[in-house]
Amino acid sequence: PNDEAVREAAKAECLDAAFWGGVRGATYGLAASVPTVFALNHQFLTIRRLTVSAKTALIVSPFFLGFFLNSELELHRCVLKQRGIEH
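Here's what I pulled together on the structure shown here.

Taking 1.5 Å of rise per residue, 41 residues should cover 60 Å, and helix α1 (residues 3-43) covers 60 Å from first to last C-alpha, within 8% of that figure. Those residues of α1 that fall on the buried side of the exposure criterion are C14, A18, G21, G22, G25, A26, G29, S33 and V37. On its buried face, α1 sits against α3 (52-82).

The next thing to look at is the side chain of S71. One can find S71 in helix α3. Residue classification places S71 among the buried residues on the basis of a relative accessible area of 12%. There is a polar contact of 2.8 Å between the side chain of S71 and the backbone oxygen of F67. Once residues within four sequence positions are removed from consideration, S71 is found in contact with A18, G21 and G22.

It is worth spelling out the pattern of salt bridges at this point. If you walk through the whole model with that rule in mind, you get 4 salt bridges. Of the charged contacts, one joins R7 and D3 as a salt bridge, the two residues approaching to 3.4 Å between their closest N and O atoms. Linking R7 with D3, this pair stays in helix α1, spanning 4 residues, or about one helical turn. Residue class for D3 comes out exposed when judged on its relative accessible area of 53%. When salt bridges that share partners are traced, they join D3, E4 and R7 into one network.

Running from N to C, α1 and α3 point in directions that differ by 155 degrees, and their axes come no closer than 6 Å. Between α1 and α3, the crossing angle belongs to the class labelled roughly antiparallel. Handedness of the crossing formed by α1 with α3: right-handed. Classifying every residue of the contact of α1 with α3 by side-chain character gives 18 nonpolar, 10 polar and 5 charged.

Basis of the calculations
- Residue positions within a chain follow its written sequence, with the count starting from 1.
- Per-residue local features of the predicted model are confined to residues with pLDDT of at least 70, and side-chain atom pairs are confined, for both listing and counting, to 80 or more; whole-chain, interface and lining totals are unaffected and use all residues.
- Hydrogens and waters are ignored; side-chain quantities use all the structure's heavy atoms.
- For helices the rule is a DSSP run of H or I covering at least 4 residues; for strands it is a run of E covering at least 2, with both sets numbered from the N terminus onward.
- Helix span, expected: 1.5 Å multiplied by one less than the number of residues in the helix.
- Each residue is placed in one exposure class: buried if its accessible area under a 1.4 Å probe, protein chains only, is under 20% of its type's maximum, exposed if it is over 50%, and partly exposed if it falls in between.
- When checking whether two residues touch, look at their non-hydrogen atoms; a contact exists if any pair is within 4.5 Å.
- Any pair of N or O atoms that falls within 3.5 Å is considered a polar contact. Within protein, one atom must be able to donate a hydrogen and the other to accept it, and sequence-neighbouring residues count only if both atoms are side-chain atoms.
- Counted as salt bridges are all cases of a side-chain nitrogen of Lys or Arg within 4 Å of a carboxyl oxygen of Asp or Glu.
- Under this scheme, a helix contributes an axis fitted over its contacting stretch, all axes are lines through C-alpha atoms, and angles between N-to-C directions fall in the 0 to 180 degree range.
- Roughly parallel means an angle under 35 degrees; roughly antiparallel means over 145; roughly perpendicular covers 65 to 115; every other angle is labelled oblique.
- Crossings are classed by handedness, with left-handed meaning an anticlockwise turn of the near helix from the far one by less than a right angle and right-handed meaning a clockwise turn.
- Note that Gly is not counted as nonpolar here; it falls among the polar residues with everything else outside the nonpolar set of Ala, Val, Leu, Ile, Met, Phe, Trp, Tyr, Cys and Pro and the charged set of Asp, Glu, Lys and Arg.

This is how it looks when you write it as structure tokens:
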């Protein structure tokens, strides 16, 4: 196999790992934020007074943080693994 095909396969492997790592992080973010916001909404008047947009932001922010942070970490881990610099 030529060098370009090997490079493309390695790139595809890392992108796949980054995507699924991001999905895992997003799932963790939602699993943490939804019950937390729900519980805080019932406990504190301040949270109940927030608009729907603010409550939505409290729920989706950890989702996106989890997705992008885990994607970046998985991509970095994959590249280091391919270079033989695993930790």
